[in-house]
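Letter by letter, the chains look like this.
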Amino acid sequence: MLVPSTVEEAVTLQSTLAAAVVRTPPPGFAPRTAAGLDVAYAVGSELVAAAVVTVDIATGEVLESATEVGTAAFPYVPGLFAFRELPALLTALGRLRTTPDLLVADGHGLAHPRRFGLACHLGVATGLPTIGVAKTPMADYPPPADTRGATSPLRDGDDEVGAALRTRPGVKPVFVSVGHRIDLATACAQVLALARRYRLPETTRQADHLSRQVLKDSRGELR
DNA sequence: GCGACAG
DNA sequence: ATCTTGTCGC
C-alpha cells in the first residue's frame, strides 16, 4: 500500500510506519555524498516532475542527477503530502547509478503531527539516512540567535521534534528534523555544511531548479 | 465548533 | 506548490 486511496488509510499508514523510524546514525556515520529531492507541479494539471541531485558534501560539486515526470498520486492534504510526491521521487532515486550516503528531503521528518513526514517516509522506504529540511514550520518556534549555525527547538507540545537552524544571518531559518537513521545534531551539522552560501542547502536548490526545468520541458513536449 | 496546516 | 515586477542589498 504505497499510495492509500483515502485520507483515513493514509493517516493510519503513517502512524504505523512511524515506529520504523530510527533516530540514530549508523556507527561511524561520515557521509561524503548527499542527494537533494524536490518536486515541481504544473498549475491546473496533475503533472509532476521529480528531481534528485547528488552533490559532494565537501565541495558542493554536483555528481549525478535523475528525474521522473508523472502524475500526482494523491491530492495535497497538509500532513499527507508525502503520498503526493513519494512515487515520483522513488522512481527518480532508482535511476541514480550511485546510491548517495544521505538524503535531504524538501519537507519535514519528525516535525510532523504523527512524527512521520516526507523525510521519514523517504528514509524508511529506502533505508537511507535522511534529513528533513522545510522552509516553513508547522508550529511556532522561538527565533534562533541571528548568527549562522544558531538553533532553537521546534516543539510540538512537550516533544522536541526538530530545530530552527539559522544558515544565514538576517534571514529566516530553515526547519530541520530527523527523517531516518540520523540524530538532530548530526542533521543540523550536515545541513549547515550544505548551506554555505544560501539559506537552503545546495542539494535542495539543485533539485528545485532541475525539477522546474524538467517540468517546463515536458509540458512543451506534451502539447 | 473554528482556524491552522510541509509542498 | 503556482500565478508574478520591480526593488533593495551584499
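By the naming in an unreviewed UniProt entry, chain A goes by Endonuclease V and is assigned to Actinophytocola glycyrrhizae. In UniProt, chain A has this text filed under Catalytic activity (unreviewed entry): "Endonucleolytic cleavage at apurinic or apyrimidinic sites to products with a 5'-phosphate." Under the UniProt heading Function (unreviewed entry), the note attached to chain A is "DNA repair enzyme involved in the repair of deaminated bases. Selectively cleaves double-stranded DNA at the second phosphodiester bond 3' to a deoxyinosine leaving behind the intact lesion on the nicked DNA."

A. Region of interest: the protein's contact with DNA strand B. Around DNA strand B sit 15 residues, and of these Tyr76, Gly79, Phe81, Asp106 and Lys135 come closest. In the environment of DNA strand B, a base nitrogen lies 3.1 Å from a nitrogen or oxygen atom belonging to the backbone of Leu118.

B. Fine view of helix α3 (residues 118–126). Taken together, the buried positions of α3 are occupied by Leu118, Ala119, Cys120, His121, Leu122 and Gly123. Residues of α3 that are buried in the fold lie against α1 (7–17), β1 (33–41), α2 (82–94), β4 (102–106), β5 (130–134) and β8 (174–180). The first or second residue beyond α3 is Gly127, which carries a positive phi of 80 degrees.

C. Expanded view of the protein's contact with DNA strand C. Inspection of the region around DNA strand C gives Ala40, Tyr41, Val43, Lys135 and Arg212 as its neighbouring residues. Taking all atoms of DNA strand C within 4 Å of the protein, the share assigned to sugar and phosphate is 100%. A distance of 3.3 Å is found between a phosphate oxygen of DNA strand C and a side-chain nitrogen or oxygen belonging to Lys135. Here the residues of the surface near DNA strand C sort into three nonpolar, no polar and two charged.

D. Spatial organisation of the pairing of β1. For β1, a buried count of eight out of nine residues is recorded, marking the element as mostly surrounded by other parts of the structure. The sheet contact formed by β1 and strand β2 (residues 47–56) spans nine bridges and is antiparallel. Considered in β2, the bridge of Ala34 is made with Val55. Here β1 hands over to β2 after five residues, with Gly44 in that stretch at a positive phi of 60 degrees. As paired elements, β1 and β4 share four bridges and run parallel to each other. Note on β4: the bridge partner recorded for Ala35 is Leu103.

E. Expanded view of the UniProt feature "binding site: Mg(2+)" (unreviewed entry) in chain A. In the numbering used here, UniProt assigns the "binding site: Mg(2+)" (unreviewed entry) feature to Asp38 and Asp106. Sequence-wise these annotated residues cover 69 residues; spatially they are packed, their C-alpha atoms never more than 5.9 Å apart. When near neighbours in sequence (up to four residues on either side) are disregarded, Asp38 contacts Ala49, Ala50, Ala51, Leu89, Asp106, Ala207, Asp208 and Ser211. Residue classification places Asp106 among the buried residues on the basis of a relative accessible area of 14%.

F. Molecular detail of the UniProt feature "site: Interaction with target DNA" (unreviewed entry) in chain A. UniProt's entry tags Tyr76 with the feature "site: Interaction with target DNA" (unreviewed entry), counted in the numbering of this structure. Following the sequence through the fold, Tyr76 ends up in the loop between β3 (62–71) and α2. A residue is classified by how much of its surface remains accessible, and Tyr76, at 53% relative accessible area, is exposed. Look past the residues within four positions of Tyr76 in its chain and what remains in contact with it is Phe81 and Arg84.

G. α2, seen in detail. Taking 1.5 Å per residue, 13 residues should reach 18 Å; α2 reaches 17 Å between its end C-alpha atoms and fits that length. All of the buried residues in α2 are Ala82, Phe83, Arg84, Glu85, Leu86, Ala88, Leu89, Ala92 and Leu93. Elements in contact with the buried residues of α2: α1, β1, β2, β3, β4 and α3.

Analysis parameters
- Residues numbered from 1 in each chain as written.
- Chains lettered and ligands numbered in written order.
- Predicted model: local features only at pLDDT ≥ 70, side-chain atom pairs only at ≥ 80, totals over all residues.
- Heavy atoms only, no water.
- UniProt positions renumbered as here; feature names shortened; annotations may be inferred.
- Near = heavy atom within 4 Å.
- Polar contact = N/O pair within 3.5 Å; in protein donor to acceptor, adjacent residues only side chain to side chain.
- Buried < 20%, exposed > 50% of the residue type's maximum accessible area, 1.4 Å probe, protein only.
- Helix = DSSP H or I, 4+ residues; strand = E, 2+ residues; numbered from the N terminus.
- Contact = heavy atoms within 4.5 Å.
- Nonpolar A, V, L, I, M, F, W, Y, C, P; charged D, E, K, R; others polar.
- Pairing = 2+ DSSP bridges.
- Expected span 1.5 Å × (residues − 1).

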